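One-letter residues, chain by chain:
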Amino acid sequence: MKKLLVILFSFFLLSSPSVFAEDISDFSIEGMSIGDSLLDYMTEEKILEKIEKNKGRFQYLNEPNKYIQISLIKNLGIYDRVIIFIKNNSSNLYISDKNEKYTILSITGAIDFIKDHDGCIQKRDEIKAIVSNMFPGIDNWEGKSNYRSDPSGESFLEVIEFLFPSGAEIELQCLNIEESFRIQKNWAEGLRIVIDTKEIIEWLNN
């Protein structure tokens, strides 16, 4: 409960008048924002290690290694996990600016609600109200879909999505995984707050 109160307070702090600029970089998750350099949070040695480890994770895409997913699970304050995407420029010798190499293009913060989907929905809807007040001109829609990783079709996502004119999106997701499948895979379920640039969205959809 303490984590949930902190996250809601964090969103309230972002609702100052200066934030009404339709700029997703005003959001932060564990202090990280879109456009930041990952070097502010990890050493280059660690980044390169994770890039090598995570290559090929998206083989079903047309350009599977164009971007790299990096997960952070230690020493976090509010979230149980943070997942980010950066462009895979690690071997590009023509980019001399390390900050440009490791620019954060997507951030996801996850808070677990194990066997508590109703609790997840309640907190997601509270956050929706706060984000709606922050960006009153931004369209949003709600939907429900099967969770593709579960072939049984018994697991599902309930999503609220805010669509920005730039093509960026903020998603508030509640994931409910069928219990026997979740235990088999040792996966977590619950609330995800996803901040995506247009660049990442188009890559994931290609």
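All figures in this text were calculated on a predicted structure; none of them were measured in a lab.

Chemist: Would you explain the nonpolar core in this entry?
Modeler: A general feature of soluble globular proteins is that nonpolar side chains tend to end up buried together. L38, I70 and I86 are the most contacted members of the largest nonpolar core, which totals 39 residues. Only α2 (44–54), β1 (67–72), β2 (81–87), β3 (104–112), α4 (117–134), β5 (156–163), β6 (169–176) and β7 (190–196) provide two or more residues apiece to this core. Considering every element that reaches this core, the biggest residue donor is α4, with five residues. If sequence neighbours within four positions are ignored, L38 has contacts with I47, I70, I84, I86, Y102 and I104. Counting residues in each nonpolar core, the second largest holds seven residues, with Y67, F85, I200 and W203 among its members.

Chemist: Even after reading the chapter, I still don't get the layout of surface pockets, so can you show me in this structure?
Modeler: Left-over empty space is what a probe sized like a water molecule reveals as it rolls over the atoms. Of the volumes computed, that of the largest pocket is approximately 1,500 Å³. Contributing to the lining of the largest pocket are 42 residues, with Q69, Y147, R148, Q173 and R192 lying nearest its centre. The space that makes up the second largest pocket amounts to roughly 260 Å³. Lining the second largest pocket we find E30, M32, Y41, M42, K46, K50, S71, L72, I73, K74, N75 and L76. Tallied by class, the residues present in the lining of the second largest pocket amount to six nonpolar, two polar and four charged.

Chemist: Looking at this model, I keep getting lost on the pairing of β5. Mind explaining?
Modeler: In the case of a regular strand, side chains alternate between the two sheet surfaces. A large share of β5 lies buried, amounting to six of its eight residues. Taken together, β5 and the strand that follows it, β6, pair antiparallel across an intervening segment of five residues, in which G167 is found at a positive phi of about 95°.

Chemist: Looking at this model, I keep getting lost on the pattern of salt bridges. Mind explaining?
Modeler: It is possible for side chains of opposite charge to pair when their charged atoms get near one another. Summed over all chains, the structure comprises 10 salt bridges. With a closest N to O distance of 3.9 Å, E63 and K66 form a salt bridge. As a salt-bridge pair, E202 and K198 come within 3.9 Å of each other at their nearest N and O atoms. Taken as a pair, E202 and K198 lie in helix α6 (residues 198–204) at a separation of four residues, close to a single helical turn. On the basis of relative accessible area, E202 is assigned to the partly exposed category, the value being 47%. Salt bridges sharing common partners tie together E179, R182 and E189.

Chemist: Mind showing me how you'd approach unusual backbone geometry here?
Modeler: Trans peptide bonds make up the majority, and among non-glycine residues the majority have a negative phi. The backbone of E30 sits at a positive phi, close to 55°, despite the residue not being glycine. Looking at the element boundaries, E30 is found in the loop between α1 (2–13) and α2. The residue N186 is not glycine, and still its phi comes out positive at about 60°. Within the secondary structure, N186 is located in the loop between α5 (179–185) and β7. By relative accessible area, which is 69% here, N186 ends up exposed.

Chemist: Help me out: how do you make sense of the side chain of E161 in this one?
Modeler: Mapped onto the secondary structure, E161 falls in strand β5. Buried and unpaired, E161 has no salt bridge, with R124 as the nearest side chain of opposite charge at 11 Å. Beyond its immediate sequence surroundings of up to four residues, E161 is in contact with D139, N140, W141, E169, I170 and E171.

Chemist: Just to check I follow, could you spell out the side chain of T108 for this structure?
Modeler: With respect to the element layout, T108 can be found in strand β3. Other than its neighbours up to four places away in sequence, T108 contacts I29, R81, V82, I83, R192, I193 and V194.

Chemist: How do you make sense of the confidence of the model for the protein chain when you look at a structure like this?
Modeler: The predicted coordinates of low-pLDDT regions are not to be read in fine detail. Here the protein chain averages 85 in pLDDT, and 87% of its residues register 70 or above. In the predicted structure, residues 1–21 sits below a pLDDT of 50 and forms 41 contacts with residues beyond four places in sequence or in another chain.

Chemist: I'm lost on the packing of aromatic side chains in this one. Help?
Modeler: Two descriptors summarise a pair of aromatic rings, namely the distance from one centre to the other and the angle between the planes of the rings. Going through the model one piece at a time under the given rule, you end up with eight aromatic pairs. Judged by centre distance (6.3 Å) and plane angle (80°), the ring pair of Y147 and W187 falls under edge-to-face. Within this pair, whereas Y147 is found in the loop between β4 (139–146) and β5, its partner W187 is found in the loop between α5 and β7, the two being separated by 40 residues in sequence. Taking the relative accessible area as the measure of exposure, Y147 reaches 14% and is therefore buried. Through a chain of ring-to-ring contacts, three or more aromatic side chains come together here, namely F58, Y60, Y67, F85 and W203.

Rules behind the numbers
- Residues numbered from 1 in each chain as written.
- Predicted model: local features only at pLDDT ≥ 70, side-chain atom pairs only at ≥ 80, totals over all residues.
- Heavy atoms only, no water.
- Core = buried A, V, L, I, M, F, W, Y, C linked by side-chain atoms within 4.5 Å.
- Buried < 20%, exposed > 50% of the residue type's maximum accessible area, 1.4 Å probe, protein only.
- Helix = DSSP H or I, 4+ residues; strand = E, 2+ residues; numbered from the N terminus.
- Contact = heavy atoms within 4.5 Å.
- 1 Å grid on protein atoms, 1.4 Å probe; cavity = no way out; pocket = protein on both sides within 12 Å on 5 of 7 lines; lining within 4 Å.
- Points joined across faces, edges and corners; volume = space filled by probe spheres on them.
- Nonpolar A, V, L, I, M, F, W, Y, C, P; charged D, E, K, R; others polar.
- Pairing = 2+ DSSP bridges.
- Salt bridge = Lys/Arg side-chain N within 4 Å of Asp/Glu carboxyl O.
- Lys, Arg positive; Asp, Glu negative; His and termini not counted.
- pLDDT = per-residue confidence, 0-100.
- Phe/Tyr/Trp six-rings, centres within 6.5 Å; stacked < 30°, edge-to-face > 60°.

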